[in-house]
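Tertiary structure, described
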Amino acid sequence: MTPEIRRVLYNWQYDPKLHGAETNCIPLQLQRLFGRLQLSAEKAVSTKELTHSFGWSHSDSFVQHDVQELCRVLFEALDKTIAPKVYQQRQKLIKDEGVGSLTKLLSNIDPQSITTCSNSIDQLVSDLYSGIMIDYIQAKDHKRPDSDNPYGRVHEDLFMDVQLAIRDLGSVEEALDNYIKPEILSGDNQWLCEELNLKVDAVKGLKFKSMPYLLTLHLKRFDYDMISWQRIKLGNKVTFPFVLDMSKYVENCDKELKYELFSVLVHSGSARGGHYYAYIKNFENKQWFNFNDSNVSQISEEDVQKMYGGEDSSSSSSYSKQYASSTNAYMLMYRLIDDKVNLNAIPSDQVPQSLVDEIKQENEKIEQERLEYEERKKKVNLRIYYGSPLASEPLTMVINKTDSIAHVTKLILDTLANERPEDYKDLPIECARIRDVNLMTKQPSKIYTCNDETPVEQYNWFSFRPIYFQVRKPSEEFPVEQTFISVYIYRLNPDTQDFDAISAKIHANQTLRALKEYLSDSWDSTKYPLDLLN
């Protein structure tokens, strides 16, 4: 995250009389988001409150929005709220004198005043991202008689991002060269010079007059296929430097303009939709991180370089181009390298105290919930069925996973002795046992003896597990129960030489010899004699 922006937001104070409802105040929700990212004990911080302040509904959060438009809306909201007087003055200036008046204003700002921009609420946040572009057109062979300057026009304008065409280009540097490359207007495409009232050969192009502190480069990966007239995504490889020298792209530049890459916005998907996530560099420790929804993981510079792309769909069919999916860099963010003004981190003591207190309460609640969760993990909720037939309403009990079977057996017996003394009071522990139970068939199965000291967690008991509590009279024994299993037996019919599938229910403790005798007696013994059954 950009430290300069965070410091602006931390220095700003919310006033409900000036800024309206908390839920609709974008700077407040962004301030809270940054504060929670810095201080919260949560693994991931929700952006729901921020997107709600945009006016988005829950469904809008899942719609693929244009990230450039989002940035412009966000910066305008920050400027209006954080520095309303300056914003209104700028708007009046544009209305009275045009956009060109802002370029003069911005060009007069001393680069050192960028520190003021990140300290004061009297400077627009958008100034950090604003540079000056020159849009020009000049006659090639016609110069003004009173000077050596050619006929033409020059128009200055502000830019907050540079949109770079990347089709058939392999690097950001190539794209920048192509961006400022002059276009020759000649032949049928000559320029009509109104001053000369004549069509003449001309040179048309763009130049950078000044660069912003924070430079945003938008790689135009979405394009139109002129054959199918369908929107497509370009997946070609476009390299980008981790340090970008912009001095050669700025007109009459006499100083060093080196920029450090600190964020890569990644688009994964096709022209019809996809998913955005970001690689962001921590200025303090120079480490890169992958911010992908609620997951944040540390990555290397090699991982960042993988976002150059390299999947070329230019030879694909028109239909497949629409759906061609790739994962690559979509937007690059650079910061001017200047040790005098660069911020590498914002200390936690600069977070507004009211927000610190709010997050502290949230962290205490999170810790309490964590402790309760850890405590619940140590417990097992049991549903205990008893009686014959099984009771329709089970007894519920919470035990520790470390409790032994013997201890749980005694707990259940003591509880039932209190609730149903006529059936369970003074009953010896030896007359009770726990069993697994199938609620569909209402049949008990596995037996746990009353003297078993094994912890229940070793039997993988889970919460709301149904068990059967079986008791007997001291003068009796537990009944010996036959357990049956269903099997399929495939026998070879000697007449047809085909296999017949026959189902049978047998005793689980039956020997193989007894099973063969049973089968021989049940079938035709002349066709299936005992000594031939294997």
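Note: the structure precedes this text.
Note that the coordinates shown come from a computational prediction; the quantities given were computed from them, not determined experimentally.

Considering the overall build of the protein
- Looking only at helices and strands, the protein features 15 helices and 23 strands.
- Counting every position in the protein, which comprises 534 residues, the buried fraction comes to 40%.
- Sequence-distant contacts, at least 24 apart, represent 63% of the contacts inside the protein between residues at least 6 apart.
- Summed over its atoms, the accessible surface of the protein is roughly 31,000 Å², and 49% of this surface lies on carbon and sulfur atoms.

Structural notes on the sheet that holds strand β17 (residues 379-386)
- Taken in spatial order, the five strands line up as β18-β17-β21-β19-β20 in an open sheet, and their pairing is mixed. Looking at the sheet topology across the chains shown, the edges are occupied by β18 (395-400) and β20 (443-448). The mean angle between the axes of side-by-side strands here comes to 40°, regardless of whether they run parallel or antiparallel.
- Examined bridge by bridge, strand β19 (residues 432-438) and strand β21 (residues 465-471) share five bridges and lie antiparallel to one another. If you follow alanine 432 over to β21, its bridge partner there is valine 471.

Here we look at the side chain of histidine 218
- Relative to the elements of secondary structure, histidine 218 occurs in strand β8 (residues 214-220).
- The buried category is assigned to histidine 218, whose relative accessible area is 7%.
- For histidine 218, the side chain forms a polar contact with the side chain of tyrosine 330, separated by 3.2 Å.
- Those residues in contact with histidine 218, other than ones at most four positions away along the chain, are Gln68, Val162, Gln163, Leu164, Tyr330 and Met331.

Some remarks on the environment of tyrosine 87
- Inspection of the secondary structure assignment puts tyrosine 87 in helix α6 (residues 84-97).
- Taking C-alpha positions, tyrosine 87 is 8.7 Å from glutamine 123, a pair spaced 36 residues apart along the chain.
- Apart from residues no more than four positions distant in its own chain, tyrosine 87 is found in contact with Glu76, Asp79, Lys80 and Leu124.
- A distance of 3.0 Å separates polar atoms of two side chains, one belonging to tyrosine 87 and the other to glutamate 76.

Examining helix α13 (residues 405-419)
- Between the first and last C-alpha of α13 there are 21 Å, a value that for 15 residues agrees with the 21 Å anticipated at 1.5 Å per step.
- Those residues of α13 lying buried are Ile405, Ala406, Val408, Thr409, Ile412, Leu413, Leu416 and Ala417.

Regarding the environment of valine 8
- Relative to the assigned elements, valine 8 resides in helix α1 (residues 3-11).
- Each C-alpha atom, one on valine 8 and one on valine 125, is 7.8 Å from the other, the two residues being 117 residues apart in sequence.

Digging into the sheet that holds strand β4 (residues 183-185)
- Pairing is antiparallel in the open sheet, where four strands are placed in the order β2-β1-β7-β4. Looking at strand neighbours, the two that pair on one side only are β2 (150-159) and β4, the edges of this open sheet. Each neighbouring strand pair of the sheet contributes to a mean axis angle of 25°, computed without reference to strand direction.
- Bridge count for strand β1 (residues 131-143) against β2 is nine bridges, and the pairing is antiparallel. Looking across to β2, one finds that isoleucine 137 is bridged to arginine 153.

Quick look at the nonpolar core
- Leu215, Phe240, Val264 and Leu332 are the most contacted members of the largest nonpolar core, which totals 70 residues.
- Ignoring sequence-local partners within four residues, the contact set of leucine 215 consists of Phe159, Val162, Leu244, Met246, Tyr259, Leu332, Met333 and Tyr334.
- With 23 residues, the next largest nonpolar core counts Val380, Met397, Ile405 and Ala432 among its residues.

Here we look at a nonpolar patch on the surface
- On the surface, Tyr488, Tyr490, Leu492 and Phe499 cluster together into a nonpolar patch covering about 530 Å² of accessible area.
- Its place among the elements puts phenylalanine 499 in strand β23 (residues 499-507).

Describing the pattern of salt bridges
- For the structure on display, the rule yields 22 salt bridges.
- Between arginine 32 and glutamate 358 there is a salt bridge, and its shortest N-O distance comes to 3.8 Å. Residue arginine 32 is found in helix α3 (residues 26-39), and its partner glutamate 358 is found in helix α12 (residues 353-377); the two are separated by 326 residues along the sequence.
- Overall, the relative accessible area of 13% leaves arginine 32 in the buried class.
- Ionic pairing is found between arginine 36 and glutamate 358, a salt bridge with its closest N-O pair at 3.1 Å. One end of the pair, arginine 36, is in helix α3; the other, glutamate 358, is in helix α12, and 322 residues separate them in sequence.

Comments concerning the packing of α3 against helix α5 (residues 67-82)
- Interaxial distance between α3 and α5 falls to 9 Å at its minimum, and their mutual angle equals 105°. As judged from the angle between their axes, α3 and α5 are roughly perpendicular. In contact with Ile26, Pro27 and Leu30 of α3, α5 contributes Leu74, Ala77, Leu78, Thr81 and Ile82.
- Class assignment for the residues of the contact of α3 with α5 results in seven nonpolar, one polar and no charged.

Section: the packing of aromatic side chains
- On inspection of all chains with the given rule, the structure shows 13 aromatic pairs.
- The interplanar angle of 80° and the centroid separation of 5.0 Å between the aromatic rings of tyrosine 448 and tyrosine 459 together place this pair among those described as edge-to-face. With tyrosine 448 in strand β20 and tyrosine 459 in the loop between β20 and β21, the pair connects residues that are eleven residues apart, well separated along the chain.
- For tyrosine 448, a relative accessible area of 2% puts it in the buried group.
- According to the relative accessible area criterion, tyrosine 459 is partly exposed, its value standing at 24%.
- Joined through ring pairs, the aromatic side chains of Phe159, Tyr179 and Phe208 make up one cluster.
- In this structure, arginine 335 packs its charged tip against the face of phenylalanine 283, placed 3.7 Å from the ring centre.
- The ring centre of phenylalanine 478 lies 3.9 Å from the NZ or CZ of arginine 433, which sits over that ring.

Thresholds, definitions, all that
- Residues numbered from 1 in each chain as written.
- Predicted model: local features only at pLDDT ≥ 70, side-chain atom pairs only at ≥ 80, totals over all residues.
- Heavy atoms only, no water.
- Helix = DSSP H or I, 4+ residues; strand = E, 2+ residues; numbered from the N terminus.
- Buried < 20%, exposed > 50% of the residue type's maximum accessible area, 1.4 Å probe, protein only.
- Contact = heavy atoms within 4.5 Å.
- Areas by Shrake-Rupley, 256 points an atom, 1.4 Å probe, with all protein chains shown as cover.
- Pairing = 2+ DSSP bridges.
- Axes fitted to C-alpha atoms, helices over the stretch in contact; angles between N-to-C directions.
- Polar contact = N/O pair within 3.5 Å; in protein donor to acceptor, adjacent residues only side chain to side chain.
- Expected span 1.5 Å × (residues − 1).
- Core = buried A, V, L, I, M, F, W, Y, C linked by side-chain atoms within 4.5 Å.
- Patch = residues over 30% accessible without salt bridge, like charges linked within 9 Å, V, L, I, M, F, W, Y side chains within 5 Å.
- Salt bridge = Lys/Arg side-chain N within 4 Å of Asp/Glu carboxyl O.
- Parallel < 35°, antiparallel > 145°, perpendicular 65-115°, else oblique.
- Nonpolar A, V, L, I, M, F, W, Y, C, P; charged D, E, K, R; others polar.
- Phe/Tyr/Trp six-rings, centres within 6.5 Å; stacked < 30°, edge-to-face > 60°.
- Lys NZ or Arg CZ within 6 Å of the ring centre and 35° of its normal.

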